[in-house]
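What follows is each chain in one-letter form.
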Amino acid sequence: MDTMPFFRVKQWLLLPVLLVHIASAQVRQEITLHDNWKFSRGKNDQAMQLNFDDKNWQTVSVPHDWAIYGPFDKEIDKQNVAIVQNNEKISSEKTGRTGALPYIGEGWYRKTFQLPAYKNGQKVILLFEGAMSEPVVYLNGKKAGEWHYGYNYFYLDVTDLYQAGRENLLAVHLQNVAQSSRWYPGAGLYRNVRVIVKNPESIDQWGTYITTPVVTDEFAKVNIKTKVSGKGLLLITDILDPQGNKVAADTAATAFGNEFDQNIAVPRPARWSPETPVRYTAISRLFAGHELKDEVTTKFGIRTIAYDPATGFSLNGRVRKFKGVCLHHDLGPLGAAVNKAALRRQMQILKDLGCDAIRSSHNMPSLEQLELADEMGFLFLAESFDEWAKPKVKNGYARFFATDAEKDIVNLIHATRNHPCIVMWSSGNEVPDQWGAEGVKRAKWLQDIFHREDPTRPVTVGMDQVKATMASGFGALLDIPGLNYRTHLYEEAYKAFPQGLLLGSETASTVSSRGVYHFPVVKAKDKQYPDNQSSSYDLEYCNWSNLPEEDFMLQEDKPWVIGQFVWTGFDYLGEPTPYDDKWPSRSSYFGLCDLAGIPKDRYYLYRSVWNTASPTLHILPHWNFPGREGAVTPVFVYTSYDSAELFINGKSMGVQRKDSSTPQNRYRLMWMDTRYEPGTVKVVAFGKDGKPAAEQTIVTAGRPYQLRLEADRPQLIADGNDLSYITVTVLDQAGNVCPDAAEQLQFSVTGNGAYRAACNGDATSLELFHLPTMKTFSGKLVVVVQAGNKPGNIELKVTGKRLKTAKIQLLATAP
């Protein structure tokens, strides 16, 4: 279909959710190929053969990221480039741009499997949810297919290659070339691989498409389009409410071509939103006569979305603004290997922040992340590409754009369109194609594909060349103009573009290192220090970015700004700006949380604005600065209260009140002239009535003496995948946090679990995540413990010189 003009169609209706295949064993099987893969790095022209000897290969489980095990090496993917996105004009050596981890090269995976319930004549489908990158797939020694884009989902019909009654050999070759990414991409089968077995008469892969074109308090019209294979079939669909009760049903005896089209009324619908993430279930049963041929279960949400220049963005008829973060796909010490427990932890941290939206930057999100967004309540901006036809890096996606972009978008939409969380698509990020007429044509071509495949959601692009997009018409043709930074151009862009609204598709890019404070405390662009750390006073940013307050003001003061996505929610591997040219920096400084997932000070600045349900009161810096006695050491307070009084060793430093004299004074309470003296710092915040409402105290800590262990989840599922994140904090003898402690710790896990990884959040640390030892950074680190396959107790023991040994008990329960 042709493009839908934004002003002609203001109401974008969206109720989908994820396509989860659950069915009676006799008509459909889905098997996840998780354990007992054989893996080897390097080139091998015979590894797909049935008689190839892989006994000396490593045994791994999938998802698997071969590069995260290191070692870090400044020579890996070393690039002598000028980063155009950072406004660089002169090339310089970049040593940590892609994480300094060994993702470059070739790798092979081999796995044997058998399908005991397979019946002659059934279809066999291989589903890959992401493979980094350029996977070539072989079954029983013969090529089954290939795909280029490492972030996409794809499937292959291998019915003709599958051999019944025997073990079948699946072999996958992957390769990552140098200068193919701007950040750490990971390497290998980093998302799940599944085998789907079904009858020839069946529902097609990703063949169910659910929307809700009408939603009222009395009923919701649920439209379900179902593509099938086979003739003379009958489709019966039941809809269950969030409690599992059957609330509606429909029988369709006539298909239009190969597609059934059902409209089903659901009475008194419960609407999906971040505050009420309720989901319905559609059970689709396909019959040939009286014989059940296929059954697919699809979860979906009932909700409406609208984008209107008069009101902005609305969900279920209520105006709201995106309080969003951008997230890269890596999971810190786990690398790119997807893990649902790790994602859930990230998203729980974001929930407490008050965040309600996520942008998958700059790639297609994992299905697990979308499932959790549906379940936990996050709006989602699903992005597709970081490159179009014009490259940013020598060997990036531009190599494949002309031949692959359309099929990559089609797979993205078909695989994910039933997720209610997705409220917008992004066809690109800061693409060099923003310049000139050809780029405008590409933007329209991509947007038309999105509209053809999913007419219910608008499309944006994250634009950094705003002046160019005003002149060329690039920004004017988008459904939603997305601005990356360029806050000084918002007003001009709003007047130039016809849509009547703007999205902060990428904002702030303030930089900081958790628990590190540099003096004097001043605003600074591209600031570098000898320790390769950025100050956590949150006044440092890049020449192309800005401080958080500029975005807060635009969101609050301009009704035509529909929200923002902060760069980034968590630090990520690679892109160590402003230390791109300084070794050993190898991960980012942009996050509200560090690479270990520990909140930085800046997290609480955003929380004080975004979390309206729970008050925020946070003091910075810490109060351990030996040698700074008597020196000016400003104290900042991030709080949802409007005023507070500061005390140092019982002496009042005065009351500060938020005001509009500067952007920082509007959102921060700052005592700029306080001087350091060891002891106690206390802040008392006042409510609207002027009375004390909350207080917080920090003290100067003594020498490290003991450890505190805190698990995000003390109880795990014994499935071999579930994780618990244990935060380890160094304390003095009185139990005070030692904020500058750098103690080398050792970890051991006993019982029905295993040590998985550790991370301290230090962007310059070259310690390997998978080894059971690490030094604390700013007094903390995180240990990841993985459940085994058997229920039982798990114990983590942490030791260090001069420190009392600490232990924590976890419990793994049966699935």
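To be clear, the structure that these remarks concern was listed above.
Residues numbered from 1 in each chain as written. Predicted model: local features only at pLDDT ≥ 70, side-chain atom pairs only at ≥ 80, totals over all residues. Heavy atoms only, no water.

(A) The packing of helix H1 (residues 340-353) against helix H2 (residues 367-376), seen in detail. At a closest axis distance of 10 Å, the pairing of H1 and H2 adopts a crossing angle of 40 degrees. In this view, H1 runs oblique relative to H2, as classed from their interaxial angle. Pair H1 / H2 crosses with right-handed handedness. Here Lys-340, Leu-343, Arg-344, Met-347, Gln-348 and Lys-351 of H1 lie close against H2, whose contacting residues are Glu-368, Gln-369, Glu-371, Leu-372, Ala-373, Glu-375 and Met-376. Of the residues assigned to the contact of H1 with H2, the class counts are five nonpolar, two polar and six charged. (Axes fitted to C-alpha atoms, helices over the stretch in contact; angles between N-to-C directions. Helix = DSSP H or I, 4+ residues; strand = E, 2+ residues; numbered from the N terminus. Parallel < 35°, antiparallel > 145°, perpendicular 65-115°, else oblique. Left-handed = near helix turned anticlockwise from the far one by under 90°. Contact = heavy atoms within 4.5 Å. Nonpolar A, V, L, I, M, F, W, Y, C, P; charged D, E, K, R; others polar.)

(B) How the structure looks around the nonpolar core. Formed by 212 residues in total, the largest nonpolar core has its most connected members in Leu-170, Leu-189, Tyr-307, Phe-322 and Phe-747. Apart from the residues within four sequence positions on either side, Leu-189 is in contact with Trp-37, Val-62, Pro-63, His-64, Tyr-109, Phe-128, Gly-130, Ala-131, Val-172 and Leu-174. Core analysis: the next-biggest nonpolar cluster, separate from the first, contains 13 residues, Ile-210, Ile-239, Ala-248 and Val-266 among them. (Core = buried A, V, L, I, M, F, W, Y, C linked by side-chain atoms within 4.5 Å. Buried < 20%, exposed > 50% of the residue type's maximum accessible area, 1.4 Å probe, protein only.)

(C) Region of interest: H1. Over its 14 residues, H1 extends 20 Å from the first C-alpha to the last, a length consistent with the 20 Å expected when each residue adds 1.5 Å. Residues of H1 that are buried: Ala-341, Ala-342, Leu-343, Arg-345, Gln-346, Met-347, Ile-349, Leu-350 and Leu-353. Contact partners of the buried residues in H1: strand E25 (322-327), strand E26 (357-360), H2, helix H9 (601-610), strand E44 (723-731) and strand E48 (780-787). Taking the backbone nitrogen of Ala-341 as reference, a side-chain oxygen 2.9 Å away marks Asn-339 as the first, capping residue of H1. (Expected span 1.5 Å × (residues − 1). Polar contact = N/O pair within 3.5 Å; in protein donor to acceptor, adjacent residues only side chain to side chain.)

(D) Quick peek at the side chain of Gln-122. With respect to the secondary-structure elements, Gln-122 resides in the loop between strand E8 (105-113) and strand E9 (123-128). At 2.9 Å, the side chain of Gln-122 and the backbone nitrogen of Lys-119 are in polar contact. Of note is the side chain of Gln-122, whose polar atom sits 3.3 Å from the side chain of Asn-199. In this structure Gln-122 touches Gln-26, Val-27, Ala-117, Thr-159, Val-197, Lys-198, Asn-199 and Pro-200, once residues within four positions along its chain are discounted.

(E) Region of interest: the sheet that holds strand E5 (residues 58-60). Taken together, the six strands give an open sheet; going across it, the order is E5-E4-E8-E13-E10-E11, and neighbouring strands pair in antiparallel fashion. Of all strands in the sheet, those bounded by a partner on one side alone are E5 and strand E11 (142-146). Strand-to-strand twist in this sheet, taken as the mean axis angle between neighbours without regard to direction, amounts to 25 degrees. (Pairing = 2+ DSSP bridges.)

(F) Molecular detail of the packing of aromatic side chains. Within this structure, the stated rule accounts for 41 aromatic pairs. Arranged with centres 5.8 Å apart and planes meeting at 80 degrees, the rings of Phe-72 and Phe-769 form a pair that is edge-to-face. Of this pair, Phe-72 sits in the loop between E5 and strand E6 (79-81) while Phe-769 sits in the loop between strand E46 (753-759) and strand E47 (773-775), and the two are 697 residues apart along the sequence. With respect to class, Phe-72 is no different from Phe-769; both count as buried. Measuring from ring centre to ring centre gives 5.8 Å for Phe-747 and Tyr-755, while their planes differ by 15 degrees; the resulting arrangement is stacked. Pairwise contacts between aromatic rings join Tyr-517, Phe-519, Tyr-537, Trp-623, Phe-625, Phe-636 and Tyr-676 into one cluster. One cation-aromatic arrangement involves Arg-628 over Phe-519; the distance from NZ or CZ to the ring centre is 3.6 Å. The residue whose ring lies beneath Lys-682 is Phe-647, and the NZ or CZ to ring-centre distance is 5.5 Å. (Phe/Tyr/Trp six-rings, centres within 6.5 Å; stacked < 30°, edge-to-face > 60°. Lys NZ or Arg CZ within 6 Å of the ring centre and 35° of its normal.)

(G) A look at the pattern of salt bridges. Per the stated rule, a full pass over the model turns up 46 salt bridges. With a shortest N-O distance of 3.2 Å, Arg-271 and Asp-217 are connected by a salt bridge. In this pair, Arg-271 sits in the loop between strand E19 (259-267) and strand E20 (280-288) while Asp-217 sits in the loop between strand E15 (202-215) and strand E16 (219-229), placing the two residues 54 residues apart along the sequence. The closest approach of N and O atoms between Arg-359 and Glu-383, which form a salt bridge, is 2.9 Å. Residue Arg-359 is found in strand E26, and its partner Glu-383 is found in strand E27 (residues 379-383); the two are separated by 24 residues along the sequence. In terms of burial, Arg-359 and Glu-383 fall into one category: buried. Members of the salt-bridge network, linked through shared partners, are Glu-30, Glu-129, Arg-194 and Glu-368. (Salt bridge = Lys/Arg side-chain N within 4 Å of Asp/Glu carboxyl O.)

(H) Local environment of the environment of Ala-270. Mapped onto the secondary structure, Ala-270 falls in the loop between E19 and E20. Its relative accessible area of 29% is what places Ala-270 among the partly exposed residues. C-alpha separation for the pair Ala-270 and Asn-789, spaced 519 residues apart in sequence, amounts to 37 Å.

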